[in-house]
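Structure assessment
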Amino acid sequence: GQQVMQIPQYQHVQEGEDFTTYCNSSTTLSNIQWYKQRPGGHPVFLIQLVKSGEVKKQKRLTFQFGEAKKNSSLHITATQTTDVGTYFCASNTGKLIFGQGTTLQVKP
Amino acid sequence: DAGVIQSPRHEVTEMGQEVTLRCKPISGHNSLFWYRQTMMRGLELLIYFNNNVPIDDSGMPEDRFSAKMPNASFSTLKIQPSEPRDSAVYFCASSSNRGVNTIYFGEGSWLTVV
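A brief look at the structure comes next. (Residues numbered from 1 in each chain as written. Chains lettered and ligands numbered in written order. Predicted model: local features only at pLDDT ≥ 70, side-chain atom pairs only at ≥ 80, totals over all residues. Heavy atoms only, no water.)

Brief notes about the overall build of chain A
In terms of regular secondary structure, chain A is built from zero helices and eleven strands. Along chain A, helices and strands appear, N-terminal first, in the series β-β-β-β-β-β-β-β-β-β-β. Residues counted as buried form 45% of the 108 residues belonging to chain A. Excluding contacts between residues fewer than 6 apart, the proportion of contacts in chain A whose partners are at least 24 apart in sequence is 53%. Taken as a whole, chain A presents about 5,200 Å² of accessible surface, with 51% of it coming from carbon and sulfur. Averaging the positions of the 11 positive and the 6 negative side-chain charges in chain A gives two centres separated by 9 Å. (Helix = DSSP H or I, 4+ residues; strand = E, 2+ residues; numbered from the N terminus. Buried < 20%, exposed > 50% of the residue type's maximum accessible area, 1.4 Å probe, protein only. Contact = heavy atoms within 4.5 Å. Areas by Shrake-Rupley, 256 points an atom, 1.4 Å probe, with all protein chains shown as cover. Lys, Arg positive; Asp, Glu negative; His and termini not counted. Charge placed at Lys NZ, Arg CZ, Asp CG, Glu CD.)

Dropping the structure here:
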């Protein structure tokens, strides 16, 4: 079945530094969704990308979908302590299959 | 609008006992999902329903697990008998088949089997 691999598994950054997580698939994805889960919380939808090469921004967050639709990235500029949590990419084909997630720690 | 509602939020039970987790999806959503989350295995899809019909239960670990959706507003996930390795957070989620197809998660049921 369709699987997405996510790297890195963990990332520790100093507040103000940038952060990027990458999502890769061996097969072409029809879409990619990104979710954030705060510690002790539940996954919350951030965005969906559908088009090849698509780039979307939400304030300090930039999401990209690769030209071949096999990879995606989430970049956070100037991290803040409120960005702490686990970021998941997911492929939605009717059912949502999650990557392993990248857990971000931000040191104040 | 109420989100996905799960109960119980926390449960501690002894090995061998039956556990029933409950979920009320968002009104109007026609897909419902049960996920399990552990440190070791991450977020695993156990089963999902569409219009109350189970579509894919390939993620259900074994016969001790069963799920039902008797109507559009209620689903249960049952573990009988429970084992310590079933300890995890169990999330119910729902989505509409229209538009972006965002999946909305409940707050989870934190299960500990001792």
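What follows continues from the structure just given.
A word on the interface of chain A and chain B
Interfaces are frequently sized by the accessible area removed from exposure as the parts join. Contacts between chain A and chain B engage 17 residues on the former and 17 residues on the latter. Taken over both partners, the interface formed by chain A and chain B buries close to 1,400 Å², and the fraction arising from carbon and sulfur atoms is 58%. The largest per-residue losses of area from chain A upon contact with chain B belong to His 42, Lys 95 and Phe 98 of chain A, which jointly make up 32% of the total buried on that side. Taken together, chain A and chain B are joined by zero salt bridges. Counting only elements with at least two residues in the side of chain A that touches chain B, the list comes to strand 4 (32-37), strand 5 (44-49), strand 9 (85-92) and strand 10 (96-98) of chain A. By residue class, the composition of the side of chain A that touches chain B is eight nonpolar, eight polar and one charged. (Buried area = accessible area lost by both parts, 1.4 Å probe. Salt bridge = Lys/Arg side-chain N within 4 Å of Asp/Glu carboxyl O. Nonpolar A, V, L, I, M, F, W, Y, C, P; charged D, E, K, R; others polar.)

A few points about the state of the cysteines
All told, the structure shown has two disulfides over all chains when counted by the stated rule. Here Cys 23 of chain A engages in a disulfide with Cys 89 of chain A; their sulfurs sit 2.0 Å apart. Torsion about the S-S bond of the Cys 23 of chain A and Cys 89 of chain A cystine: about 75°, corresponding to right-handed handedness. Remark: Cys 89 of chain A occurs in strand 9 and Cys 23 of chain A occurs in strand 3 (residues 19-24); sequence separation between them is 66 residues. We note that Cys 23 of chain A, like Cys 89 of chain A, is buried. One disulfide bridge connects Cys 23 of chain B with Cys 92 of chain B, the sulfur atoms lying 1.9 Å from each other. On the sign convention where negative is left-handed, the bridge of Cys 23 of chain B and Cys 92 of chain B, at about -70° about the S-S bond, is left-handed. Taken together, the residues Cys 23 of chain B in strand 3 (residues 19-24) and Cys 92 of chain B in strand 9 (residues 88-95) connect sequence positions 69 residues apart. Accessibility expressed as a relative area gives 1% for Cys 23 of chain B, which makes it buried. (Disulfide = S-S within 2.5 Å.)

With respect to the side chain of Ser 73 of chain A
All names here are of chain A. Relative to the helices and strands, Ser 73 resides in strand 8 (residues 71-76). In this structure Ser 73 comes out as buried when scored by relative accessible area, which is 12%. Apart from residues lying up to four places away in sequence, Ser 73 is in contact with Thr 20, Thr 21, Tyr 22, Trp 34, Thr 62, Phe 63 and Gln 64.

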